[in-house]
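# Structure assessment
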Amino acid sequence: MALVAVVCIPVLAALLCSIARPAAWGITLVSTWSTLILALYVAAQVIANGRVVAIAGWFEADGLSALVLVLVGFVLALAGVFAGGYMHHGHEEKRL
């Protein structure tokens, strides 16, 4: 279940950010850090069990995919922190 949530949370957050623009940075922070926490949880499950299966034959995580998931989650969480400055400037000025 956590493996599916790691994929679904950023997608849902992107949809929420497009709807609720004033709260976009808060949504981004919550979603990125929760994704990192879930990625660490999936990695712990992989260490304990050797493999995590969300959907048999379709969606599984082994050691290498857990490592990539944690690395991407870490970069995602850090990018989410710094995205606030860019989001703030985008609301003040109507230019690229």
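First, a word on scope: everything that follows refers to the structure included in this document. A quick note: this is a predicted structure, and the numbers were derived from the prediction, not measured.

## Quick look at the nonpolar core
Ala2, Leu3, Val6, Ala39, Val42, Ala43, Val46, Val52, Ala61, Ala66, Leu69 and Val70 together form the largest nonpolar core, which totals twelve residues. Only helix H1 (2-19), helix H2 (24-49) and helix H3 (63-92) provide two or more residues apiece to this core. In terms of residue count, the dominant contributor to this core is H2 (four residues). Look past the residues within four positions of valine 6 in its chain and what remains in contact with it is Thr35, Leu38, Ala39, Val42 and Leu69.

## Concerning the environment of glutamine 45
Relative to the elements of secondary structure, glutamine 45 occurs in helix H2. Judged by relative accessible area, glutamine 45 falls into the partly exposed class, the value being 23%. As a C-alpha pair, glutamine 45 and aspartate 62 span 17 residues in sequence and 9.7 Å in three-dimensional space. Not counting chain neighbours up to four residues away, the residues in contact with glutamine 45 comprise Gly50 and Val52.

## So, the pairing of strand E1 (residues 52-55)
As defined by bridge partners, E1 adjoins strand E2 (residues 59-61) across three bridges and the pair is classed as antiparallel. Within the sheet, the bridge partner assigned to valine 52 lies in E2 and is alanine 61. In textbook terms, the turn of a hairpin is the stretch between consecutive antiparallel strands, and for E1 and E2 this stretch comprises three residues, one of which, glycine 57, has a positive phi near 85 degrees.

## Re the side chain of serine 31
By the secondary structure assignment, serine 31 is in helix H2. Relative accessible area serves as the criterion here: at 10%, serine 31 is assigned to the buried category. When residues no more than four places from it in sequence are discounted, the contact partners of serine 31 are Ile9 and Ala13.

## Concerning the packing of H1 against H2
How two helices sit against one another is set out by the angle between their axes and by the gap between those axes. Packing of H1 against H2 brings their axes to within 9 Å, and their N-to-C directions diverge by 170 degrees. The orientation of H1 with respect to H2, classified from their angle, is roughly antiparallel. Packed against H1, whose contacting residues are Ala2, Leu3, Ala5, Val6, Ile9, Pro10, Ala13, Leu16 and Cys17, the element H2 presents Ala24, Ile27, Thr28, Ser31, Ser34, Thr35, Leu38, Ala39, Tyr41 and Val42 at the interface. By residue class, the composition of the contact of H1 with H2 is 15 nonpolar, four polar and no charged.

Rules used in this analysis
- Residues numbered from 1 in each chain as written.
- Predicted model: local features only at pLDDT ≥ 70, side-chain atom pairs only at ≥ 80, totals over all residues.
- Heavy atoms only, no water.
- Core = buried A, V, L, I, M, F, W, Y, C linked by side-chain atoms within 4.5 Å.
- Buried < 20%, exposed > 50% of the residue type's maximum accessible area, 1.4 Å probe, protein only.
- Helix = DSSP H or I, 4+ residues; strand = E, 2+ residues; numbered from the N terminus.
- Contact = heavy atoms within 4.5 Å.
- Pairing = 2+ DSSP bridges.
- Axes fitted to C-alpha atoms, helices over the stretch in contact; angles between N-to-C directions.
- Parallel < 35°, antiparallel > 145°, perpendicular 65-115°, else oblique.
- Nonpolar A, V, L, I, M, F, W, Y, C, P; charged D, E, K, R; others polar.

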